[in-house]
Amino acid sequence: MLNARNCQVSLNPGEMDYIRFGNGRRNLVMLPGVGDGLRTVKGLALPFAVLYRSLAEDFTVYVFSRRTELAPQMSTRDMAEDMNRAMEALGLADAAVVGVSQGGMIAQWLAIDHPDKVAKLVLTVTLSRPNPTVRDVVGRWIEMAERGDYRGIMLDTAERSYSPKRLQNARLTYGLLGKAGKPRSFERFIIQARSCLAHDAYDALPRIACPTLVIGGTDDQIVTGEASEEIAAQIPGSTLKQYVGLGHGLYEEAPDYLKQVADFCR
């Protein structure tokens, strides 16, 4: 049922890693957050397929990284253009698109500039324009990346993403963080992080015409819960789902998150 595959699509020039799993007749495209700058989805088809196996029967799921080599000063809108080209190359149109955090920023521009690619849109823990919280947090991550502090980025992300209950368990694994998974270069992460700070699709959001579900957490310490409310207010006819007491990691913590996504995308 999982039919998990590790793949790569040529953007000519450049390549983009993606994974594919499931056998459903509907296409569902997932765009992950800024952590993609540290590691692409290459080689992760089976773990993703197992994690999101509840989607595999109804959907053929595609999870896309950003292109492997990013140009300096590349914007979230540029990354959406890459996504459009990748979907063109793979024959994907009228897909359900689920964007998480920075992936949600890219998904906004994809729906605005290429509405033929997006039949339904789910924007999870993301924002439409910078706010003081994200400037502070992502600015700190960029400083850590510039000095090669991988462990610091991982620890700060965990502390800001999870509820107190989840953090009790997460902290038990902190001793394992260090060199494992550390990229050879932080350049790609820095480019993606800076694009988050420059992202501003707020005034263009009313142009999104497809059915849209906005999912946020009231305790989000990275983009804020108010950012989700702001997006929902700007997209005509959109639906807002706020998880009370959860933050940026709600897509891992909320037990009904995948059901919410699947029911909406069906």
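A quick note: this is a predicted structure, and the numbers were derived from the prediction, not measured.

1. Side note on unusual backbone geometry
Here the residue pair Asn12 and Pro13 is connected by a cis peptide bond, since its omega of 10° sits within 30 degrees of zero. In this structure, Pro13 sits in the loop between strand S1 (5-10) and strand S2 (15-21). Within the chain, Asn12 stands out as a residue other than glycine whose phi angle is a positive 50°. Position of Asn12 relative to the elements: it lies in the loop between S1 and S2. For Asn12, a relative accessible area of 65% gives the class exposed. A positive phi is found at Thr224, a non-glycine position, where the angle reads about 80°.

2. Looking at the side chain of Glu253
Looking at the secondary structure, you find Glu253 in helix H9 (residues 250-253). Among the polar contacts made by the side chain of Glu253, one reaches the side chain of Ser163 at a distance of 2.6 Å. Beyond its immediate stretch of four places on either side in the chain, Glu253 contacts Ser161, Tyr162, Ser163, Arg166 and Leu246.

3. Structural notes on the sheet that holds strand S7 (residues 212-217)
In a beta sheet, neighbouring strands are held together by backbone hydrogen bonds and run either parallel or antiparallel to one another. Within the open sheet, the eight strands sit side by side as S1-S2-S4-S3-S5-S6-S7-S8. Their pairing is mixed. For this open sheet the edge positions go to S1 and strand S8 (239-243), each flanked by a neighbour on one side alone. Strand-to-strand, the axes of this sheet are offset by a mean angle of 20°, without reference to chain direction. Where strand S3 (residues 26-31) lies against strand S5 (residues 95-100), four bridges are found, and the strand directions are parallel. Counted as the bridge partner of Leu31 is Gly99 from S5. Its contacts with the sheet place helix H3 (residues 102-113) against S3, strand S4 (59-67), S5 and strand S6 (118-124), and it is angled at close to 140° to S5. Helix H10 (residues 257-265) contacts S3, S4, S5, S6, S7 and S8 of the sheet and is inclined by roughly 160° relative to S6.

4. Considerations on the layout of surface pockets
Rolling a probe over the atoms, with the probe sized like a water molecule, indicates the empty space that remains. For the largest pocket, the calculated volume is near 1,400 Å³. In this structure, the largest pocket is lined by 47 residues; those nearest its centre are Gly35, Asp36, Tyr162, Tyr251 and Glu252. At six residues, helix H5 (residues 150-161) tops the list of elements feeding residues into the lining of the largest pocket. Split into classes, the residues belonging to the lining of the largest pocket amount to 32 nonpolar, eleven polar and four charged. Of the pockets and cavities examined, the second largest pocket occupies roughly 510 Å³. Forming the walls of the second largest pocket are 17 residues, and the residues nearest its centre are Thr68, Glu69, Arg184, Ser185 and Arg188. A total of three residues in the lining of the second largest pocket trace back to one element, the largest contributor, which is helix H7 (residues 187-198). In the lining of the second largest pocket, the residues fall into four nonpolar, four polar and nine charged.

5. Things to note about the packing of aromatic side chains
Tallied over the full model, the rule gives four aromatic pairs. With 5.9 Å between their ring centres and 25° between their planes, Phe48 and Tyr52 make a pair best called stacked. Tyr52 shares its class with Phe48; the two are buried. On the basis of an interplanar angle of 10° and a centroid distance of 6.2 Å, the ring pair of Tyr62 and Phe64 is categorised as stacked. The two residues Tyr62 and Phe64 agree in class, both being buried. Taken together, the aromatic side chains of Tyr18, Tyr62 and Phe64 make up a single cluster linked through ring pairs. The cationic tip of Lys120 hangs over the ring face of Phe264; the distance from NZ or CZ to the ring centre is 5.4 Å.

About the criteria used
- Residues numbered from 1 in each chain as written.
- Predicted model: local features only at pLDDT ≥ 70, side-chain atom pairs only at ≥ 80, totals over all residues.
- Heavy atoms only, no water.
- Helix = DSSP H or I, 4+ residues; strand = E, 2+ residues; numbered from the N terminus.
- Buried < 20%, exposed > 50% of the residue type's maximum accessible area, 1.4 Å probe, protein only.
- Polar contact = N/O pair within 3.5 Å; in protein donor to acceptor, adjacent residues only side chain to side chain.
- Contact = heavy atoms within 4.5 Å.
- Pairing = 2+ DSSP bridges.
- Axes fitted to C-alpha atoms, helices over the stretch in contact; angles between N-to-C directions.
- 1 Å grid on protein atoms, 1.4 Å probe; cavity = no way out; pocket = protein on both sides within 12 Å on 5 of 7 lines; lining within 4 Å.
- Points joined across faces, edges and corners; volume = space filled by probe spheres on them.
- Nonpolar A, V, L, I, M, F, W, Y, C, P; charged D, E, K, R; others polar.
- Phe/Tyr/Trp six-rings, centres within 6.5 Å; stacked < 30°, edge-to-face > 60°.
- Lys NZ or Arg CZ within 6 Å of the ring centre and 35° of its normal.

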